[in-house]
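Coordinate analysis (summary)
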Amino acid sequence: MGPDELSPAAAGAGDGEAAPFSFSIWPPTQRTRDAVVRRLVDTLAGDTLLCKRYGAVPAADADPAARAIEAEAFDAAAVTGGAAASVEEGIEALQLYSKEVSRRLLDFVKSRSAAAAKAADPPKDAVKDEPAEEAAA
C-alpha cells in the first residue's frame, strides 16, 4: 500500500464514505498551554537576548510570571475566539493568543527592568547640590 492510499478502515470500511474527521485548533490543549508556560520560563530565566537586554528573571519568579502571562493571554484570546465555529476563526484566535503572549511577555520584562532601574537610581531630592550652594554664598 502506497503512502497516498488509505486502509479500508480509514476509508470508512469500504462503504464509500470517508470516516468523519474533526480538527480543532482553538482552544489549545492543556498540554500546549503547559508547553507555552515552560517556554516562557526558559525565555525569562535563560540566556536569551531578552534577558541580556532587560535582565534575567530568577527562576523562582519566572514560573509564576510565566503562568500569569499565559493565563492572561489565553483569557484575552478566549474573549475574542470563544468557541471558534470554524478553523479560520480558530486560527485567528490562536494568532491573537500568540500575539498576547508576546506582548505581555515584553511588557513584563520592560516593567521589571524599569522598576529595577528606578530602584538603582537615587531620588533627585536626596542628592545635595552643595557646590552650587557654596558658589551662591
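Let me begin by describing the structure that accompanies this report. Please read all numbers here as calculations on a predicted model, not as lab measurements.

Taken as a whole, this structure holds eight salt bridges when the rule is applied. We note a salt bridge from lysine 52 to aspartate 47, for which the minimum N-O separation is 3.9 Å. For the pair shown, lysine 52 and aspartate 47 are each scored as exposed. Here arginine 112 ties to aspartate 61 by a salt bridge, and the two come within 3.8 Å at their closest N and O atoms. Note that arginine 112 is positioned in helix H4 (residues 87-120) and aspartate 61 in helix H3 (residues 59-81), a separation of 51 residues in sequence. Classification of arginine 112 by relative accessible area gives partly exposed; the value is 31%. When its relative accessible area of 36% is taken as the criterion, aspartate 61 is described as partly exposed. Here the salt bridges do not stand alone but share partners, grouping Glu72, Glu100, Arg103, Arg104 and Asp107 into one network.

A word on a nonpolar patch on the surface. A surface patch of nonpolar side chains, about 430 Å² in accessible area, is lined by Phe21, Phe23, Val87 and Ile91. Relative to the helices and strands, phenylalanine 23 resides in the segment before helix H1 (30-45).

Scoring rules and cut-offs
- Residues numbered from 1 in each chain as written.
- Predicted model: local features only at pLDDT ≥ 70, side-chain atom pairs only at ≥ 80, totals over all residues.
- Heavy atoms only, no water.
- Salt bridge = Lys/Arg side-chain N within 4 Å of Asp/Glu carboxyl O.
- Buried < 20%, exposed > 50% of the residue type's maximum accessible area, 1.4 Å probe, protein only.
- Helix = DSSP H or I, 4+ residues; strand = E, 2+ residues; numbered from the N terminus.
- Patch = residues over 30% accessible without salt bridge, like charges linked within 9 Å, V, L, I, M, F, W, Y side chains within 5 Å.
- Areas by Shrake-Rupley, 256 points an atom, 1.4 Å probe, with all protein chains shown as cover.

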